[in-house]
Amino acid sequence: MSGDSGTYALVKIAARDVEIRYRGKVALKPATFDIRTSTIHSIIGPAGSGKTSFLRSLNLMSIELDGAAIKGSIKVDEEEILTIRGAEKLAKLRRRIGIVFATPQPLPRSIYENIAFGPRIAGTKKKADLDALVEESLRSAHMWDEVKDRLDLMGTSLSGGQQQRLCLARTLALKPDIVLLDEPCSALDPISTYKIEQSMQELKGNVTFVLVTNNTKQAARVADRTAFFLMGELVEDGPTSKIFTRPNDQRTGDYIEGRFG
Amino acid sequence: MKDRIIEKALLLAALSAVGILALITIFIFREGLPVVFSKGPGEFLTGTVWQPSHGHYGLVPMIVGSAIVTFGALIIGVPLGLACAVVLAEMAPPRARKILKPTIELLAGIPSVVYGFIGMMILVPWIRNNPALGGTGSSALAASIILGIMILPTIIGISIDAIEAVPRSYREGSRALGATEWQTITGVILPAARSGIVAGVILGMGRAVGETMAVIMVAGNSVQIPDSILKPVRTLTANIALEMSYASGQHEQALFATAIVLFIIIMILNSLAGLARRKKKRKRKLKGDPASGVEVA
Amino acid sequence: MISLPRILHPRHAQVVAKAVLWAMTLATVGVLFYIIYFVLRRGLGHVGWDFLTEMPRRSGSVGGIFSTIVGTLYVTGVGVIVATPIGLGAAIYLAEYTREGRLTRIVRFGAESLANVPSIIFGLFGFAFFVTYLRFGWSILSGGLTLAFMILPTIIRTSEEALRAVPASYREVALSLGASKWQAIVRVVMPAAAPGILTGIILGVGRSVSETAAVIFTSGVSLKMPHSLFDSTRTMSVHFYTLTMESISEPKAYATAAVLVITILLINVAAYALMNRFTRKFR
């Protein structure tokens, strides 16, 4: 179990009284907590708790694509993101805050092109630069050796686990500060799951990970801090070790012990 | 900023269809309305004499011609079309469907002048030489048959969609109650698909009313109210096409007036078809979830 | 409920009914095949390389149909080149930029109504607007623009379907990687929808080639080789119509019909093959 030794770490994302509504219905009651730099912060809780809504709000996708209305404040590196408007600024935000979705979604292109997609749009043109980025990203996702001779293979022809690692790699190609993961391993075999968890732990020095997961054991394995959401409410947030052994709230303990799900 | 311009440009493109429709309406009416006002709509809609050289613009013979030919086309096209639709949607095995469906869609692609040509070369002589029929061959009957074949793809296509849209649960419920496949088709599926099929028939009517070239080639085109289907007729469309090349002045305007009448008829048919389609949607909403309790007709 | 007289057991009634329906269906298909067979049998014999490459002489009773082939290509070309960007733009707007509401209902009403307007009215409109009002005269331009208006609804409809068939996740992924909405559409959605969009364009081409009434009043009937957009020209279908109605030459008429039918067949086969490839991709 990894734990936070209690030393002060900078705050990367500061959420204050964040309330999320869809068509008037509340998906998340005002929630306040911090996500610290260079940590893996997991968000656990049963389905429908508002975890994914919160996650997708961090890169503003919930507003743009899901029609969410958000009150409160979300600051990244002390800059408010809820007021960001305009295609340019949104795109820039998404290069800083990447996301890996629950089901692997490779684009209908080759492995190489999947990874080069983001950087190309961001302005990287030279082949040498792109080649280097592709290799680096695939190495970070522990995939380089598997596919280095088959980079022009269609992304969709890979296995599920490989596809998801590809999705992680293509997000990393943009050199984000933050990577959001929405139950990334729920459809994967244990080995692929392990490799992704390994990537997270190796990269967290440079990247802050926010991991939504249904799998409490995974949270226990990799996360420095854990937040527990239940039915649209942030119940508790704290160091993983504490949440799992001496939680403040009765409900937290019940969920972790599996007394409800 | 660039994105906003793009969005506006796309909106403009989207409105183009409506814009063009408006443009067509404006120009047809612009050219045709003056003579309608000067002669009065009664001249056109109730006059039985079409003699442009004397300023007579009675459209009744042509309206009757269009009507006869259209209904004749429906008599042929609807039963055949429905039969094909039922076969393709319910009875044909997948492999047969793969061949039959594109073949029927091909029917829709054949140019109308080729249909008219076939009519001229085969159908008209056949009618003329047939002892039971006779006449000159170029007749309302010939036009009805050709048009009936031409509207088949329209009727078949829409009927297939309507039949396939009937929820599976209707079929399964009916069979579970002991009905045969045929009883299911006639008792449950076709009634349920009724509005869609009606919409298809109305659109087929629209196509028949609007058809020009094929009709000109087989219908005889004489301006008279026929007393039998073996006599030649002239439709509204043929009227326009035949005389447009040499008409001028008020005569030309009268042809535009004919187009106005045609246009209005088509718009009415379109609205009816749209209504039929919407009735189906509303009916389904009122029925609620069909899977929750099946009542067989 | 349609009930046959009780003398027939339902299962027997079913056999009879099914047989009748199949007969009707096969008759319908048979008619189609017969039409094609009839035209090709009498026409193909007169079609040769000369027929396709020679100019028509003496009103088309002698020689070939070369100028009409060129004319058809030009007029169809103008039609497709004008209709595709507008139609595609409209489809993108409907599929990507709006939700179902009053605006989309208006647009759809416009497109559907336009699709049902008879070709003779298009011809008349083209004459009043392009030939006369805009003073383009009887020309490839007038004919092509009229055809563009005619095939616009087809392109809008098939393109919109093709765009909607692209999985929503593609757009989401592209956006999450820093693409703007438009970049996502151009780089990811449109390439994925390309086969479907192309099918619509090909169908538009087919419609243009078969069209007669709209073209005859806008492009004219000149048999001369067209050299500019403002030249009048005769398309294959108009030529065929003229040959037939003015009894100029029966063999030439059959031959032109054969060329027309084969062209349409090839176009439909191409469209169908593309449609197949497209749906298989997203199976």
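Residues numbered from 1 in each chain as written. Chains lettered and ligands numbered in written order. Predicted model: local features only at pLDDT ≥ 70, side-chain atom pairs only at ≥ 80, totals over all residues.

Participant: Explain the overall build of chain A to me, please; I cannot follow it from the model alone.
Facilitator: Across its full length, chain A carries eleven helices and ten strands. Its C-alpha atoms give chain A a radius of gyration of 18 Å, within 12% of the compact-globule value 18 Å for 261 residues. By principal-axis analysis of the C-alpha atoms, chain A measures approximately 55 × 40 × 35 Å. Within the span of chain A, comprising 261 residues, buried residues form 44% of the whole. Of the contacts made within chain A by residues no fewer than 6 positions apart, 70% connect residues no fewer than 24 positions apart. (Helix = DSSP H or I, 4+ residues; strand = E, 2+ residues; numbered from the N terminus. Rg over C-alpha atoms; globule rule 2.2 N^0.38 Å. Buried ≥ 20, exposed ≤ 12 C-beta atoms within 10 Å, placed from the backbone. Contact = placed C-beta atoms within 7 Å.)

Participant: I keep staring at the environment of Val87 of chain B and nothing clicks. Help me out?
Facilitator: Mapped onto the elements, Val87 of chain B comes out in helix H3 (residues 60-91). The sequence separation of Val87 of chain B and Thr184 of chain B amounts to 97 residues, and the corresponding C-alpha distance is 14 Å. Discounting chain neighbours no more than four positions away, the residues touching Val87 of chain B are Ala92 of chain B together with Leu21, Trp22 and Thr25 of chain C.

Participant: Sorry, what's going on with the nonpolar core here?
Facilitator: A general trend in soluble globular proteins is that nonpolar side chains are found buried together. Judged by nonpolar contacts, the single largest core of 268 residues is most densely connected at Ile146 and Val218 of chain B together with Ile121, Leu124 and Leu152 of chain C. At 17 residues, the largest contribution of residues to this core is made by helix H6 (residues 140-164) of chain B. Of the domains in this structure, domain 1 (10-46) and domain 2 (49-281) of chain C are the two that each give at least three residues to this core. Those residues in contact with Leu124 of chain C that lie beyond four places of it in its chain are Ile28, Ile240, Phe256 and Ala259 of chain B together with Phe217 of chain C. (Core = buried A, V, L, I, M, F, W, Y, C linked by C-beta atoms within 7 Å. Domains from an automatic or database assignment.)

Participant: Help me understand the sheet that holds strand E4 (residues 68-76) of chain A, please; the structure alone is not making it clear to me.
Facilitator: Neighbouring strands of a sheet are bound in pairs by backbone hydrogen bonds; such pairs are parallel or else antiparallel. All names here are of chain A. Strands sit in the order E2-E1-E4-E5 across an open sheet of four strands; the sheet is antiparallel. One side of each edge strand has no neighbouring strand; the edge strands of this open sheet are strand E2 (25-36) and strand E5 (79-80). Bridge count for strand E1 (residues 11-22) against E2 is eight bridges, and the pairing is antiparallel. Paired with Arg21 across the two strands is Val26, which belongs to E2. (Pairing = 2+ DSSP bridges.)

Participant: Mind showing me how you'd approach the packing of H3 of chain B against H6 of chain B here?
Facilitator: Two measures define how a pair of helices packs: the angle their axes make with one another and the distance between the axes. Residues and elements named next belong to chain B. Close contact between H3 and H6 brings their axes to 6 Å; oriented N to C, the two are set at 35 degrees. In terms of crossing hand, the pair formed by H3 and H6 is right-handed. Of the residues that constitute the contact of H3 with H6, the class distribution is 22 nonpolar, six polar and two charged. (Axes fitted to C-alpha atoms, helices over the stretch in contact; angles between N-to-C directions. Left-handed = near helix turned anticlockwise from the far one by under 90°. Nonpolar A, V, L, I, M, F, W, Y, C, P; charged D, E, K, R; others polar.)

Participant: How do you make sense of the interface of chain C and chain B when you look at a structure like this?
Facilitator: How big an interface is tends to be expressed through the accessible area that disappears when the partners come together. The interface of chain C with chain B comprises 64 residues on the first partner and 62 residues on the second. Where the side of chain C that touches chain B is concerned, the elements lending two or more residues are helix H1 (10-43), helix H3 (66-97), helix H4 (102-116), helix H5 (119-133), helix H6 (140-165), helix H8 (181-210), helix H10 (236-245) and helix H11 (250-281) of chain C. Of the residues in the side of chain C that touches chain B, the class split is 46 nonpolar, 15 polar and three charged.

Participant: Where do I start with the environment of Val39 of chain C in this structure?
Facilitator: Within the element layout of this structure, Val39 of chain C appears in helix H1. A count of 24 C-beta atoms within 10 Å places Val39 of chain C in the buried class. In this structure Val39 of chain C touches Val114 of chain B together with Tyr254, Ala257, Ala258 and Val261 of chain C, once residues within four positions along its chain are discounted.

Participant: I'm lost on H8 of chain C in this one. Help?
Facilitator: It helps to recall that an α-helix has 3.6 residues per turn; residues three or four apart then point in one direction. Most pronounced at Ala194 of chain C, the bend in H8 of chain C amounts to some 60 degrees, and the proline Pro195 of chain C follows within four residues. The buried fraction of H8 of chain C is high, at 22 of 30 residues. (Bend = angle between axes of the 7 residues up to and from the residue.)

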